[in-house]
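Per-entry structural report
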Amino acid sequence: MARVQQALDTAEVERELPTHPAVRELLAGAGLRGGSAYSVRGSAALVMALMAGPSAEGAWCGVVGVPSFGAEAARGLGVDLERLVLVPDPGREWLSVVAALVDALTVVVVRPPGEVTPGEASRLAARLRTRSAMLIAYGSWPGSEARFEIESSTWTGLGDGEGLLAARRATVAVSGRRAAVHARKRELWLPAPNGEIRPTDQAAENAADDNSGPTTADGLLETARPTPRHTLREEPLLTDEYPDQIEAVG
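These lines cover the structure that appears in this document, whether it is placed above or below. (Residues numbered from 1 in each chain as written. Predicted model: local features only at pLDDT ≥ 70, side-chain atom pairs only at ≥ 80, totals over all residues. Heavy atoms only, no water.)

Along the protein chain, the regular secondary structure elements total 8 helices and 12 strands. Expressed as a percentage of its 250 residues, the buried residues of the protein chain come to 46%. Sequence separation of at least 24 residues holds for 64% of the intrachain contacts in the protein chain that already meet a minimum separation of 6. Taken as a whole, the protein chain presents about 12,300 Å² of accessible surface, with 49% of it coming from carbon and sulfur. (Helix = DSSP H or I, 4+ residues; strand = E, 2+ residues; numbered from the N terminus. Buried < 20%, exposed > 50% of the residue type's maximum accessible area, 1.4 Å probe, protein only. Contact = heavy atoms within 4.5 Å. Areas by Shrake-Rupley, 256 points an atom, 1.4 Å probe, with all protein chains shown as cover.)

Before going further, it helps to spend a moment on the pattern of salt bridges. A complete count under the given rule lists 9 salt bridges for this structure. With a shortest N-O distance of 2.9 Å, Asp80 and Arg83 are connected by a salt bridge. Given the relative accessible area of 31%, Arg83 is considered partly exposed. A salt bridge links Arg169 to Glu187, with the shortest nitrogen-to-oxygen separation between them at 2.6 Å. On the criterion of sequence distance, the pair formed by Arg169 in strand E9 (residues 163-176) and Glu187 in strand E10 (residues 184-189) is long-range, its members being 18 residues apart. Among the residues examined, Arg169 registers a relative accessible area of 9% and is labelled buried. (Salt bridge = Lys/Arg side-chain N within 4 Å of Asp/Glu carboxyl O.)

The geometry of helix H5 (residues 94-104) relative to helix H6 (residues 118-131) is characterised by a closest axis approach of 9 Å and an angle of 15° between their N-to-C directions. One way to sum up the angle between H5 and H6 is to call them roughly parallel. Classified by chirality, the crossing of H6 by H5 is right-handed. Where H5 abuts H6, its residues Leu95, Val98, Ala99, Val102 and Asp103 lie against Glu120, Arg123, Leu124, Arg127, Leu128 and Arg131. Within the contact of H5 with H6, the residues separate by chemical class into 6 nonpolar, no polar and 5 charged. (Axes fitted to C-alpha atoms, helices over the stretch in contact; angles between N-to-C directions. Parallel < 35°, antiparallel > 145°, perpendicular 65-115°, else oblique. Left-handed = near helix turned anticlockwise from the far one by under 90°. Nonpolar A, V, L, I, M, F, W, Y, C, P; charged D, E, K, R; others polar.)

Once that is clear, we can look at the environment of Ser68. On the secondary structure map, Ser68 appears in the loop between strand E4 (61-64) and helix H4 (71-76). Spatially, the C-alpha atoms of Ser68 and Ala44 are 10.0 Å apart, while their sequence positions differ by 24 residues.

With that out of the way, let us pick up the nonpolar core. Counting 40 residues, the largest nonpolar core has Leu46, Leu50, Met51, Phe69, Ile136, Phe148 and Val172 as its most contacted members. Per element, the largest residue contribution to this core is 9 residues, and it comes from helix H3 (residues 44-56). Excluding residues that lie within four positions of it along the chain, Leu46 makes contacts with Leu26, Val40, Phe148, Ile150, Val172, Leu188 and Leu190. Listed in part, the 22 residues of the second largest apolar core include Ala99, Leu101, Val116 and Leu128. (Core = buried A, V, L, I, M, F, W, Y, C linked by side-chain atoms within 4.5 Å.)

For H3, which comprises 13 residues, the first-to-last C-alpha distance of 18 Å matches the rise-based estimate of 18 Å (1.5 Å per residue) to within 8%. The largest bend in H3 comes to about 25°, at Leu50, with the proline Pro54 one to four residues further on. The buried fraction of H3 is high, at 12 of 13 residues. Backbone nitrogen of Ala45 and a side-chain oxygen of the N-cap are separated by 3.3 Å at the start of H3; the cap is Ser43. (Expected span 1.5 Å × (residues − 1). Bend = angle between axes of the 7 residues up to and from the residue. Polar contact = N/O pair within 3.5 Å; in protein donor to acceptor, adjacent residues only side chain to side chain.)

What follows is the structure, encoded as structure tokens:
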């Protein structure tokens with residue numbers, strides 16, 4: 001409660017929120033809008049990327065109904081844990097909890113326990129507009145400003161009985177209800193070998209495949225995937241099918 005009160009005391013109303021560069025790329029140069037809801041399917045890392053822009057600029061964030069939320073992974077992607085409120089199990093009153101946090105925080109992430117009705121979304125939308133807060137929903141959300149979905153992804157780092165997951169290339173599809181959010185697809189690192197979330201640079205990576213190039217301090221090519229590299233291809237991921245242990249970090 002002390003953290004929520006501190007967030008209330010420092011809350012600021014603004015229309016466009018600070019936006020992670022990779023998210024801005026997905027939105028064709030547009031920023032995230034206060035007073036709006038966004039929905040994400042298939043990637044906890046993408047949810048964290050949406051949180052990271054406002055959080056890095058001092059905004060308070062909350063996460064409701066996600067007991068497997070990976071706080072350390074979120075910190076690695078730019079989320080300030082000192083301004084993070086976690087409510088892992090809100091029970092049947094999840095909507096009331098979300099509404100209360102919207103009054104205090106700039107960004108609220110929620111995983112609804114079931115299907116959200118248009119009426120529930122509409123009542124919360126009015127609250128979001130009043131506070132100029134942003135909602136990020138795992139899964140579908142009626143009337144969302146934009147919908148982000150992982151269509152396919154490839155992990156690198158795993159070999160035959162050896163290795164660690166090192167990086168993930170994902171094709172992200174974005175669509176929205178407003179004309180300003182055009183349907184589009186982009187390929188992102190979620191994350192890149194150095195832990196960042198950023199758009200892939202296919203031309204640079206193809207060039208890196210032909211020569212060793214400069215390396216970073218940890219021995220990885222600056223513009224390439226790890227060498228040697230192995231890939232593990234996946235089918236499109238659904239949030240409700242994602243194992244808790246992996247979901248916490250990606």
